[in-house]
Amino acid sequence: MRIPAMLAGAVMALAAMGSVDAKTEEHEKIEVLYETTLNLIHLLVEQGVIKQEVADEMIRKAEQKAKASQQQAREQGGQPPAGEPKKGEVRVTYVPEHIKKEIRDQLREEVVGQAKQERWGNVNATPEWLDRFTLEGDIRLREQADFFGDRNAPAANFQAIGQQIDNTTKDSHHRERIRMRLGINANVTRGVDLGLRLTTGNVNGPAVTGDLMGGSPTSTLQTLGTYNSKFSFVLDQAYLKLSPWDWLTVSGGRFPNPFFVGTVGNIYTGTIGKAPHTIPTAGVVHTDLLWDADVNFEGLAVNLHPWKKQERTIKPFLNAGIFPLQKINQSETVKAKDKWFYGAQAGIEWVPEGADTKIRLGAAYYDFENISGVRNPNFGDTLFNQTAPLFRQKGNSLFNIDNDGDPTTNLWALASDYKIANATLVADYSRFKPIHVIGTLDYARNVGYDQDRILARTGQDIKPEINAYQARLTVGYPVISERHQWQVLGFYRRSERDSMLDAFTDSNYLLGGTNHKGYTIQGFYGVAHNTWVGLRYMSYDNISGLPLSIDSVNLDLNARF
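Cut-offs applied
Residues numbered from 1 in each chain as written. Predicted model: local features only at pLDDT ≥ 70, side-chain atom pairs only at ≥ 80, totals over all residues. Heavy atoms only, no water. pLDDT = per-residue confidence, 0-100. Contact = heavy atoms within 4.5 Å. Patch = residues over 30% accessible without salt bridge, like charges linked within 9 Å, V, L, I, M, F, W, Y side chains within 5 Å. Areas by Shrake-Rupley, 256 points an atom, 1.4 Å probe, with all protein chains shown as cover. Salt bridge = Lys/Arg side-chain N within 4 Å of Asp/Glu carboxyl O. Helix = DSSP H or I, 4+ residues; strand = E, 2+ residues; numbered from the N terminus. Phe/Tyr/Trp six-rings, centres within 6.5 Å; stacked < 30°, edge-to-face > 60°. Buried < 20%, exposed > 50% of the residue type's maximum accessible area, 1.4 Å probe, protein only. Lys NZ or Arg CZ within 6 Å of the ring centre and 35° of its normal.

Turning our eyes to something else, we now look at the confidence of the model for the protein. Put simply, the protein has an average pLDDT of 82, and 79% of its residues get 70 or more. Note that pLDDT drops below 50 for residues 18–22; the model gives that stretch 10 contacts with residues more than four away or on any other chain. Counted against residues more than four places away or in other chains, residues 206–214, with its pLDDT under 50, gives 30 contacts.

A separate point is a nonpolar patch on the surface. A contiguous nonpolar patch, built from Ile139, Leu141, Trp486, Val488, Tyr525, Val527, Val533 and Leu557 and spanning about 600 Å² of accessible area, is present on the exposed surface. Elements supplying a minimum of two residues to the nonpolar patch: β1 (133–148), β16 (486–495) and β17 (516–528).

Attention shifts here to the packing of aromatic side chains. Evaluation of the coordinates by the stated rule reveals 22 aromatic pairs. Here Phe259 and Phe323 contribute two aromatic rings whose centre-to-centre distance is 6.2 Å and whose plane-to-plane angle is 70 degrees, an arrangement assigned as edge-to-face. Here the residue Phe259 occupies a position in the loop between β6 (248–256) and β7 (296–304), and Phe323 occupies one in strand β8 (residues 314–326), the gap between them amounting to 64 residues. The two residues Phe259 and Phe323 agree in class, both being buried. Ring geometry for Trp291 against Phe341: centres 5.6 Å apart, planes inclined by 45 degrees, an arrangement best described as tilted. Here Trp291, found in the loop between β6 and β7, pairs with Phe341, found in strand β9 (residues 339–350); they are 50 residues apart in sequence, far enough to count as distant. Of the two residues examined, Trp291 and Phe341, each falls in the buried class. Ring-pair connections join several aromatic residues into one group, and the members of that group are Tyr239, Phe255, Phe259, Trp291, Phe297, Phe323, Phe341, Tyr366, Phe368 and Phe504. Over the face of the ring belonging to Trp307 we find Arg312, whose NZ or CZ atom lies 4.1 Å from the ring centre.

Structure (structure tokens):
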């Protein structure tokens, strides 16, 4: 704090103004300033800004410095004072008026700033530490209608081969749903931020895709119509983010997707800003070929983004992380291994000089370790039961690892390994600001698929279906925050059976998972400040296997703060 130093300087300077050579009128002004400064020191002592002993020491040192200045003036000027000073009296040479004014202005600025910061005299003021917290949240009300094709196979046929879906034939299935998210962001200190988010939804996922209660790694929706039972409110994010330098961010805990997944300028770019944001930007939808927008990552992530704030044509970035999926306590009766997920992504942001286009390209590799199932070797064994995944949607190739001779107690596990190579390209054309035209291409391939290894593991000769892609075009305001702002988008996607892990893909298309192809058309319109409506139409079919076709319509009302 600079106030004690400033006050000490003021005492010394004002004491120096008490020269016997000064004029009487000037002397009176100096006396007034001297007394004002002393009174100010006493007031700061009373307010608890400084201690009494600190104030006494300030005055003592100021007087000592004034005496030293007087002695120096005698030696240099050769003119003795008119008379010897009395005890406790200090006499020095004249101080110019502009110096006194500068001291007064600096004192006023320091004291007023301190008073504002510590809220002197405001009995209703909140503590200063509360200013480091920000609160944000959003709510969405949805009417969802699912329309099932006439030629769909019965749900029981899907369940008999391990595919989790509870309804394939009931046409016009309507659900009223709600999502509420409340985020707390805190700046602990410079370079250290904390993020928390509470959401609706259940702690564990549903038993089957489309379960009425909702809740899973890929959804925070709560379905209405549970006989007025209360909603669950769960901790969805809890993380620390360290930013020791502008070009480095380290996140630990349970945090938003740290990888660039096809948007420009919002939280999903992988180049997270200084302050954490637990609620994504309104209106912006990233490419969800691999990851549902509600998926959070548990573990440790690093984002490198050198030259982020500099005017450069090309800005590279690097994102990487390690994430535990399932921790297993091994023993004599449990031989399954921990499941992990590793990811690394490198890319560039290219802003051509003089152009209205921003292009971002990312290439990623995601490695899921110990994710495939292991069949129990002997009758009645349960050694490898935990190689079955804790959560699935539908689509991936499966096999039964149970070995108890009971066909009604099948335990389904993944047949393939999953090592995903992914490339994402997004181009944002802003010539018509505030209207943007944004194009996105996303491609993924499971390079870990090994047909011979799967045959040895499962006894099944499963032909590879390992590619996925999505092409999207967005036109309108990139962010919906005010009335009459709008955004429309459309995309086509194809996601083959084992192109990626079905657990974390978007839960909307064909009611979640992989093994589907189709298109989506969506629009947003702002009806008030931070309030907007959205309408989405989706039409998707199975690529292979049992016939399944589902069209869905979502009508949303959203608000955020």
